Each structure stands twice: as structure tokens, then as C-alpha cells.
Amino acid sequence: MTYSTERDSHDDHYDIHAVLTNYGWNLPPERSGWVSVRCGEHDDHHASARINADLGAVKCLACDFGGDVISVIRQKEQCNYREAVAIAQALTGDEHGDV
């Protein structure tokens, strides 16, 4: 499946920790920069994923899962951009206006 490159200028302001935690990821407290974590998308025995709360992004070097908050939601929910924004707003309590 391919995903649209349509992007809102506020996409990177949604809380990536809140979104990944919702999908069952076990994350350490937020820190600046890229932080190594175990990927919640596969049986990860080593910290093969990286999360950056400042950028609102995640990337697993083992399974290639990753992206910003909106693309993570779109991958997990198999939804369109507008639906993903609504889910991000509901999960994070952060509304950036109408989409």
C-alpha cells in the first residue's frame, strides 16, 4: 500500500509517545534526540527501533516500520490522511484546527 504525501504543517506536533503507547509499545520516558527502543511491531529482543519525540518520528532498523505520527496511524489503521489526523487528535488531545 502506498500513502499520500499530503501533509499538514502540524503533523510533527502530535505526541509520538502517546500514539505508539496506544499501539502497545513499551517506551521509556521522553528524552530529546533519537532514543533506542524495542520495536512494538515485531518480537524485538534488541532495541532495533529509534524514536525522536522532538521530531515526532519513529524508525525500526530491523522491520523498516516507521514514519511520523500520521503515517504510523495510517499504517496501523489502514485509513486516509483525514481519518489519521482525527485519530491523532483523539489520542493526543492536541487539535490543530479543521483538516
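Residues numbered from 1 in each chain as written. Predicted model: local features only at pLDDT ≥ 70, side-chain atom pairs only at ≥ 80, totals over all residues. Heavy atoms only, no water.

(A) The nonpolar core, seen in detail. With 24 residues, the main nonpolar core has Leu20, Trp25, Ile51, Val58 and Ile73 as its most contacted residues. Listing elements by their share of this core, those giving two or more residues are α1 (16–22), β1 (34–37), β2 (49–52), β3 (57–60), α2 (69–77) and α3 (81–92). Sequence-distant contacts of Leu20, that is, excluding residues within four places in its chain, are made with Trp25, Leu27, Ile51, Val58 and Val72. (Core = buried A, V, L, I, M, F, W, Y, C linked by side-chain atoms within 4.5 Å. Buried < 20%, exposed > 50% of the residue type's maximum accessible area, 1.4 Å probe, protein only. Helix = DSSP H or I, 4+ residues; strand = E, 2+ residues; numbered from the N terminus. Contact = heavy atoms within 4.5 Å.)

(B) Focus on the pattern of salt bridges. Tallied over the entire structure, the rule returns 2 salt bridges. The salt bridge partner of Lys76 is Glu41, with a shortest N-O separation of 2.9 Å. With a gap of 35 residues between them, Lys76 in helix α2 and Glu41 in the loop between β1 and β2 connect regions that are remote in the sequence. Taking the shortest distance from any N to any O, the salt bridge between Lys59 and Asp64 comes out at 2.3 Å. Judged by relative accessible area, Lys59 falls into the partly exposed class, the value being 31%. For Asp64, a relative accessible area of 56% corresponds to the exposed category. (Salt bridge = Lys/Arg side-chain N within 4 Å of Asp/Glu carboxyl O.)

(C) Local environment of the side chain of Asp44. Mapped onto the fold, Asp44 is located in the loop between β1 and β2. This buried residue, Asp44, is left without a salt bridge; Arg38 holds the nearest opposite charge, at 6.0 Å. A distance of 2.7 Å separates a polar atom in the side chain of Asp44 from the backbone nitrogen of Cys39. Excluding residues within four positions of it along the chain, Asp44 makes contact with Val37, Arg38, Cys39 and Ala49. (Lys, Arg positive; Asp, Glu negative; His and termini not counted. Polar contact = N/O pair within 3.5 Å; in protein donor to acceptor, adjacent residues only side chain to side chain.)

(D) The arrangement of the packing of α2 against α3 in detail. Where α2 contacts α3, the axes come no closer than 9 Å and their chain directions differ by 105°. As judged from the angle between their axes, α2 and α3 are roughly perpendicular. Listed contacts from α3 to Val69, Ile70, Ile73, Arg74 and Glu77 of α2 are Tyr81, Ala84, Val85, Ile87 and Ala88. Of the residues in the contact of α2 with α3, the class split is 8 nonpolar, no polar and 2 charged. (Axes fitted to C-alpha atoms, helices over the stretch in contact; angles between N-to-C directions. Parallel < 35°, antiparallel > 145°, perpendicular 65-115°, else oblique. Nonpolar A, V, L, I, M, F, W, Y, C, P; charged D, E, K, R; others polar.)

(E) Geometry of α2. By the burial criterion, the buried members of α2 are Val69, Ile70, Ser71, Val72, Ile73 and Arg74. Close packing links the buried residues of α2 with α1, β3, β4 (66–68) and α3. Gln78 sits one or two positions beyond α2 and adopts a positive phi of about 55°.

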